[in-house]
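The chain contents come next:
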Amino acid sequence: MASSSKTEQKKMLILKSSEEEEFEIEESIAVQSGTIKNMVEDDFTLIPLPNVDTETLIKIIKYMKKHGEKTKSNEKDIEEFDKEFVKKSFTELKELVLAANYLHITSLIDLLCQAFADRIKNKSVKAIREIFGIPNDFTPEEEAEVYEQHKWAHEEGKEHIDHSAY
Amino acid sequence: MFLPRFISDQDINEKNVLTSLFCPIKAATDHLQEEILMGILSRLPMWSLFRFKCVSSIWKTLISDSYFTVKHLNRTKNDQGSQKLLITQMCFREEIFPMYCCPLSPAQLVDENVQKLKLDCPSNPKLTVRCKILCLYDGLAVIRVTDTFDHDLSTVLLWNPSTRESMVLPPTEFSDQPREYYFGLGYDSTSGEYKILRIYQDFNPFCRHRVKLPNEILTLTSGYCWRRIVEYPRHGICSLVWAMNFLAFIHATFHWIDISSNHFVVVSFSISNEVYGEMPLSEEILSLLMPGHCSIGVCVLGGMLYVHSSISVLHDKTMFFKFWVMKAYSVEESWMPLLTVDSSCFVDVKLKYMFPHGEVLYLFRALELSGSAFWTRNVGPFRLWPQCDNTGSVYAYTESLISPKSLTY
């Protein structure tokens, strides 16, 4: 991936966040995003991203830069980076996964979905509603019915259930 | 009606079935699009999925959706964490026959305290019953539940041990004698249906007047009933009751061992066009295994067909257990010897599972019912299952959400 010629200019792109802040990034790294790749093929060099705020864009650029230098030898290093990368609050993770989805960065979507799954699997039903901002739209009778259907799941392993929404 | 399998993640974006069910758009942070939600949900363990049905009606619909079931299964098939062992135990003295499931991973098999979940036999809990697993595929099991006190009272059910849901299968007009049939469960991708095959095996080779009962197939679709199928043309008399587990299903075909011209062959039966075939065994296998002097069966591990056999050396009272793998499907020359176990203290050795890195898990059963242990080539024994009269059977399965009732809806 490294350029052998010092005089060769790497094509740079400018990504613009929803707050109008601009970030320069090498095209070869930015095209990890399917959305950006399509726009580059349509000859864009200034890429407006109205769905991604500045903070999230900075994190995404950091991810793409790290994964842009992926080789056979630094796999462990990248794994460590990914592990640290997902140590964020649920709010931040939600922003990230929405942005990654919009930008079509498959590896990041997978990483974030897995991080979500790992973090929420032991949560209680109430905690899930809080984390995702989901209102309970069941009537008490309906909820009781759904609970009964898989009662054993609610009863077994009760001690493992985590009620915090963080 | 089951949707076709192997739908890629890209196809989800084109599927608008669920959009109409969504609440009015809230703030972007609170409203995760359905494809992202599906991506998260499909990575959750079963236990979490069942509980999260209570979160909201949308989550309930998503988790119950047949499309999601397929997506979830495609993921669990390749996920080591979703592989489980199903174990039946037979405590004759106490007259109880418990069933357990436990995780199947090298690390956890070594752990003395591995969590074993007791499973209730799907039937009237007031009755004392025994469960025999007839076959397993895609996380679904065909089981026979027999009353402990009246062995003639038995029902055959389709059961999902992960969801605990079961459904009674229709009776057949022919004999339901438990011991005379072998079952296989497989998926026909041409028609998008699961099918159960049952093959009649004559247990008494010396009784020539015995009426041979037909083989039958059951398609799990609405209005389902057992349908008689054409006989295997060169059916020999084959009494191999101890060898077979259930019919091996691979490459959309069922396989079992039969005798043709006084030597063993692998009979195949394709699930979609219901055609019989024969696959030869290698010279080496045939020279070692003669009808009448051994037991033999086929099974599937890690996408390949295996032959397992036990040969008793009478004068010695020892047994040899030999295994072969067919490296390239239907290529006679590709049968490779896997392992030979020579032992006087084991009464049975079976292949149970193949780990992603290629390591095969064997189950050894010791003499005098003193227990069973798992071994692999490099490490063993893993565990001796809790003392009980006998470990009935052990099978590996994948967790799945497939609902037996929805198949015949």
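Summary of the structure given here. The numbers attached to residues start from 1 for each chain and follow its sequence in the written order. A letter from A marks each chain and a number from 1 marks each ligand, given out in the order of writing. Where local features are concerned, this predicted model is filtered to residues with pLDDT of at least 70; where side-chain atom pairs are given and counted, the filter is 80 or more; whole-chain, interface and lining totals use all residues. Excluded from the side-chain calculations are hydrogens and water; all other atoms, namely the structure's heavy atoms, are used.

### Details of the overall build of chain A
Rules: The helix count covers DSSP runs of H or I at least four residues long, the strand count covers runs of E at least two residues long, and both are numbered beginning at the N terminus. As defined in this context, the radius of gyration uses C-alpha atoms, and a globule is described by 2.2 Å times the residue total to the power 0.38.
The helix and strand inventory of chain A stands at 9 helices and 3 strands. Written out in order from the N terminus, the α and β elements of chain A read β-β-α-α-β-α-α-α-α-α-α-α. Here the C-alpha radius of gyration of chain A, 21 Å, is well above what a compact globule of 166 residues would show, namely 15 Å. Expressed as lengths along the three principal axes of its C-alpha atoms, the size of chain A is roughly 70 × 35 × 20 Å.

### Some remarks on the sheet that holds strand 17 (residues 304-313) of chain B
Residues and elements named next belong to chain B. Our working rule: The criterion for strand pairing is that DSSP finds at least two bridges linking the strands in question. Fitting a line to C-alpha atoms yields each axis, with helices limited to the stretch in contact; the angle taken between N-to-C directions then spans 0 to 180 degrees.
Strand order in the open sheet made by the 4 strands is 16-17-18-19, with antiparallel pairing throughout. A strand with exactly one partner marks an edge of an open sheet, and here the two such strands are strand 16 (294-301) and strand 19 (335-343). Here the strands of the sheet are splayed against their neighbours by 20 degrees on average, with no regard to which way each runs. Here strand 16 pairs with strand 17 via 8 bridges, running antiparallel. Residue Val300 lies in a different strand from strand 17, and its bridge partner there is Leu305.

### Topic: the packing of helix 5 (residues 90-103) of chain A against helix 6 (residues 106-120) of chain A
All names here are of chain A. What counts, and what does not: These descriptions rest on fixed angle ranges, namely under 35 degrees for roughly parallel, over 145 for roughly antiparallel, 65 to 115 for roughly perpendicular, and the rest for oblique. Crossings are classed by handedness, with left-handed meaning an anticlockwise turn of the near helix from the far one by less than a right angle and right-handed meaning a clockwise turn. Contacts between residues were defined by any pair of non-hydrogen atoms, one from each residue, lying within 4.5 Å. Under the convention adopted here, Pro, Cys and the residues Ala, Val, Leu, Ile, Met, Phe, Trp and Tyr are nonpolar, Asp, Glu, Lys and Arg are charged, and Gly plus all remaining residues are polar.
Contact geometry for helix 5 and helix 6: axes closest at 9 Å, N-to-C directions at 150 degrees. Classified by the angle their axes make, helix 5 and helix 6 are roughly antiparallel. In this structure, helix 5 meets helix 6 at a crossing whose hand is left-handed. Contacts from Phe90, Leu93, Lys94, Leu96, Val97, Ala100 and Asn101 of helix 5 reach helix 6 at Leu108, Ile109, Leu112, Phe116, Arg119 and Ile120. For the contact of helix 5 with helix 6, the class distribution of residues is 10 nonpolar, 1 polar and 2 charged.

### Quick word on the packing of aromatic side chains
Put simply, the rule is: Two aromatic rings, drawn from Phe, Tyr or Trp (for Trp, its six-membered ring), form a pair once their centres lie within 6.5 Å of each other, and the interplanar angle then sorts them: stacked below 30 degrees, edge-to-face above 60, tilted otherwise. Here the term buried applies to any residue with accessible area under 20% of the maximum for its type, exposed to any over 50%, and partly exposed to those in between, with areas from a 1.4 Å probe on protein chains only. Geometrically, a charge over a ring is one whose NZ (Lys) or CZ (Arg) sits within 6 Å of the ring centre while staying within 35 degrees of the ring normal.
Taken as a whole, this structure holds 17 aromatic pairs over all chains when the rule is applied. Look at Tyr63 of chain A and Phe81 of chain A: their rings are 6.5 Å apart centre to centre, the planes differ by 45 degrees, and that puts the pair in the tilted class. Taken together, the residues Tyr63 of chain A in helix 3 (residues 54-68) and Phe81 of chain A in helix 4 (residues 75-85) connect sequence positions 18 residues apart. Looking at Tyr63 of chain A, the relative accessible area reads 1%, which means it is buried. Put simply, the rings of Phe90, Phe116 and Phe132 of chain A together with Phe52 and Trp59 of chain B pair up and form one aromatic cluster. Directly above the aromatic system of Trp226 of chain B lies the positively charged group of Arg198 of chain B, at a separation of 5.3 Å from the ring centroid.

### Some words on the sheet that holds strand 12 (residues 248-250) of chain B
All names here are of chain B. Read from one edge to the other, the open sheet built from 4 strands follows the order 12-13-14-15, with strand pairing classed as antiparallel. On the outer flanks of this sheet lie strand 12 and strand 15 (276-279), each paired with one strand and no other. Ignoring strand direction, the axes of neighbouring strands in this sheet form an average angle of 40 degrees. Pairing of strand 14 (residues 263-270) with strand 15 involves 4 bridges; the strand directions are antiparallel. Within strand 15, the residue paired with Ser268 across the bridge is Gly277.

### Focus: helix 2 (residues 34-41) of chain A
Residue and element names in this part refer to chain A. Keep this limit in mind: The arc refers to the directions leading from the helix axis to the C-beta atoms.
For helix 2, the full list of buried residues reads Thr35, Ile36, Met39 and Val40. End-on, the buried residues of helix 2 take up no more than an arc of 135 degrees, which puts them together on one face. Where the residues of helix 2 are buried, they touch strand 1 (12-16), helix 1 (27-30), strand 3 (46-48) and helix 5. Asp43 sits one or two residues past helix 2 and shows a positive phi near 70 degrees.

### Brief notes about the environment of Leu185 of chain B
Residue and element names in this part refer to chain B. By secondary structure assignment, the location of Leu185 is in strand 8 (residues 181-188). Between the alpha carbons of Leu185 and Arg93 there is a distance of 33 Å; along the sequence they are 92 residues apart. When near neighbours in sequence (up to four residues on either side) are disregarded, Leu185 contacts Cys135, Tyr137, Leu140, Val142, Leu158, Tyr194, Lys195, Ile196, Leu220, Phe249 and Phe254.

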